[in-house]
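Architecture and fold: a report
This is what each chain is made of:
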Amino acid sequence: MFVCKLNPMRFTTIAKHQRLLSREPSILSSIALARFKSSNPFNTGILFVPQQEAWIVERMGKFNRILEPGLNFLIPFLDRIGYVQSLKELAIDIPKQTAVTLDNVTLNIDGVLYLRVNDPYLASYGVEDPEFAITQLAQTTMRSELGKISLDKVFRERENLNFAIVESLNKASASWGLVCFRYEIRDIKLPNRVQEAMQMQVEAERKKRAAILDSEGIREADINVAEGKRQSTILASEADQQEQINRAQGEANALLAVAEAKAKGIRLIADALKQTDGYNAASLKVAESYVEAFGKLAKSTNTVIIPSNTSDVSSMVTQAMSIYKTLTSKSKQSRRLSEEDK
């Protein structure tokens with residue numbers, strides 16, 4: 001027992017279309033290619049239904065049941081296989097068509113539609129040719145959706161456009177027993193002038209970005225130079241300030257050292273004066289200083305004022321020592337008074 005499912009008329013019809021298209025290629029856009037079906041299996045009483053297929057059984061011309069995959073039994077002559085539906089996911093090519101966007105740009109666009117038969121009964125009796133119907137609906141829906149958006153959004157919102165087309169197709173194909181999974185825009189062809197304008201726009205945008213980056217680089221360089229000068233000025237001023245502080249501290253330390261040296265010298269002189277021969281030593285020191293000072297008078301200026309008794313050194317020393325004694329007695333008296341106050 002052998003069941004033939006191929007229809008020889010299918011190959012004849014295809015050959016006719018090929019000869020027609022070879023003679024008139026321009027007629028391709030006006031031909032609606034129908035789905036060529038194979039002949040339905042002949043009822044032999046015992047039938048084996050392949051996996052992922054649904055066979056529609058009609059009894060005396062009326063729908064009876066849907067055969068499940070595997071072994072099935074039918075009544076010969078009363079039952080016949082009316083339709084065979086494939087339950088696999090199908091990829092249908094949507095032919096290229098012309099669409100106008102919201103900003104009046106003409107596009108040539110095509111796509112691929114992925115669908116599956118969800119209800120074999122509706123796919124058989126709800127529409128004459130479900131694939132042809134869904135193809136035509138996809139074309140009209142795509143033109144309608146493209147007319148709602150501008151050219152720039154066609155490229156940026158391609159995924160949203162595909163989703164909107166699928167949603168519209170599912171609403172219309174629910175009564176045909178079909179479910180659409182996704183629609184993908186395959187190719188978008190623009191007019192030559194529009195392509196040239198878009199290319200010029202892209203080049204202008206790139207030049208704009210390059211100019212912005214160049215200006216930002218110059219600005220950053222100027223900022224860096226100014227910041228460097230600022231930091232250099234601050235560091236130089238801080239260095240100058242530190243130098244002045246160090247110099248002042250050095251001078252202060254030097255003055256302090258000189259003052260301490262003088263104080264130490266004075267203390268040593270005072271201790272020396274307290275000795276037995278301190279008075280004589282002080283007189284000798286005063287005499288030496290007097291002679292040394294008197295010898296330097298003529299070196300500094302031409303005019304010299306000298307006392308009348310320049311040869312009487314002893315009187316000058318005696319006068320200096322009397323002044324020292326007077327100051328010493330006053331110092332002792334003031335020290336005694338301060339101790340009494342305490």
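Residues numbered from 1 in each chain as written. Predicted model: local features only at pLDDT ≥ 70, side-chain atom pairs only at ≥ 80, totals over all residues. Heavy atoms only, no water.

**Let's talk about the sheet that holds strand S3 (residues 62-67)**
So the rule is basically this: Strands are treated as partners if at least two bridges between them are detected by DSSP. Where helices and strands are cited, they refer to DSSP runs of H or I of at least four residues and of E of at least two residues respectively, numbered from the N terminus. Each axis is a line fitted through C-alpha atoms, taken for helices only over the stretch in contact, and angles between the N-to-C directions span 0 to 180 degrees.
With antiparallel pairing, three strands are arranged side by side in an open sheet as S3-S2-S5. Strands at the two margins of the open sheet, each flanked by one partner only, are S3 and strand S5 (79-86). Shown here is a sheet whose adjacent strand axes are inclined to one another by a mean of 30 degrees, direction ignored. With seven bridges connecting them, strand S2 (residues 53-59) and S5 associate as antiparallel partners. Within S5, the position partnered with Ala-54 by the bridge is Gln-85.

**Quick notes on a nonpolar patch on the surface**
Note the cut-off: The residues that make up patches have over 30% relative accessible area and no salt bridge, and they are joined within 9 Å when like-charged or within 5 Å when they are Val, Leu, Ile, Met, Phe, Trp or Tyr. Surface accessibility in these figures is a Shrake-Rupley result with a 1.4 Å probe; residues are shielded only by whichever protein chains are displayed. Put simply, a salt bridge is a Lys or Arg side-chain nitrogen that is within 4 Å of an Asp or Glu carboxyl oxygen. When accessible area is computed with a 1.4 Å probe and restricted to protein chains, residues below 20% of their type maximum are described as buried, those above 50% as exposed, and intermediate ones as partly exposed.
A cluster of nonpolar side chains, namely Ile-46, Phe-48, Leu-71 and Phe-73, defines an oily patch on the protein surface of about 450 Å² accessible area. When residues of the nonpolar patch are traced back to their parent elements, those giving at least two are strand S1 (46-49) and strand S4 (70-73). For Phe-48, a relative accessible area of 60% puts it in the exposed group.

**Structural notes on the pattern of salt bridges**
On inspection of all chains with the given rule, the structure shows ten salt bridges. Residues Glu-58 and Arg-80 are paired through a salt bridge, measuring 2.9 Å at the closest nitrogen-oxygen approach. With a gap of 22 residues between them, Glu-58 in strand S2 and Arg-80 in strand S5 connect regions that are remote in the sequence. Judged by relative accessible area, which is 6%, Glu-58 ranks as buried. Judged by relative accessible area, Arg-80 falls into the partly exposed class, the value being 45%. Notably, a salt bridge pairs Arg-186 with Asp-110, separated by 3.5 Å at the nearest N-O pair. Here the residue Arg-186 occupies a position in strand S8 (residues 178-189), and Asp-110 occupies one in strand S7 (residues 106-117), the gap between them amounting to 76 residues. Its relative accessible area of 45% is what places Arg-186 among the partly exposed residues. One continuous salt-bridge network, built from bridges that share partners, spans Asp-93, Asp-110 and Arg-186.

**Things to note about the packing of aromatic side chains**
What counts is decided by this rule: For Phe, Tyr and Trp, where Trp contributes only its six-membered ring, two rings pair if their centres lie within 6.5 Å, and the inter-plane angle classes them as stacked under 30 degrees, edge-to-face over 60, or tilted in between. Put simply, a charge is over a ring when the Lys NZ or the Arg CZ is close to the ring centre, within 6 Å, and near the line of the ring normal, within 35 degrees.
Under the criterion given, the structure shown has four aromatic pairs. For the ring pair Phe-63 and Tyr-121, a centre distance of 4.8 Å and an interplane angle of 70 degrees mean the geometry is edge-to-face. A residue pair is termed long-range when its members are at least 10 positions apart, and Phe-63 in strand S3 and Tyr-121 in helix H2 (residues 120-125) qualify at 58 residues. Taking 5.3 Å as the distance between ring centres and 80 degrees as the angle between the ring planes, the aromatic pair formed by Tyr-83 and Tyr-125 counts as edge-to-face. Of this pair, Tyr-83 sits in strand S5 while Tyr-125 is found in helix H2, placing the two residues 42 residues apart along the sequence. A connected cluster of aromatic rings, assembled from ring pairs, spans Phe-63, Tyr-83, Tyr-121 and Tyr-125. Residue placement shows Arg-182 over the ring face of Tyr-114; its charged tip is 4.3 Å from the ring centre.

**Let's talk about the confidence of the model for the protein**
Should pLDDT be low for a region, the predicted coordinates there are not to be read in detail. How we decide: Known as pLDDT, the predictor's per-residue confidence is scaled from 0 to 100. Contacts are residue-level and defined by heavy atoms, with any inter-residue pair within 4.5 Å sufficient.
This prediction gives the protein a mean pLDDT of 77; 71% of its residues lie at or above 70. Looking across the protein, the model is least confident in helix H1 (residues 8-23), with a mean pLDDT of 38, and most confident in S2, with 90. Under a pLDDT of 50 for its full length, residues 1-38 has, in the predicted model, 33 contacts with residues more than four places off or in other chains.

**Quick notes on the nonpolar core**
Applicable threshold: As used here, the term nonpolar core means buried Ala, Val, Leu, Ile, Met, Phe, Trp, Tyr and Cys residues forming a set that is joined through side-chain atoms within 4.5 Å.
Counting residues in each nonpolar core, the largest one holds 32 residues, and the members touching the most others are Leu-113, Ile-134, Leu-169 and Tyr-183. Those elements giving two or more residues to this core turn out to be strand S6 (90-100), S7, helix H3 (130-146), helix H4 (151-156), helix H5 (158-173) and S8. Sequence-distant contacts of Tyr-183, defined by excluding residues within four places in its chain, comprise Ile-94, Asp-110, Gly-111, Val-112, Leu-113, Met-142, Asn-162, Ile-165 and Val-166. Val-49, Trp-55, Val-57 and Ile-81 belong to the second-largest nonpolar core, a separate cluster that totals seven residues.

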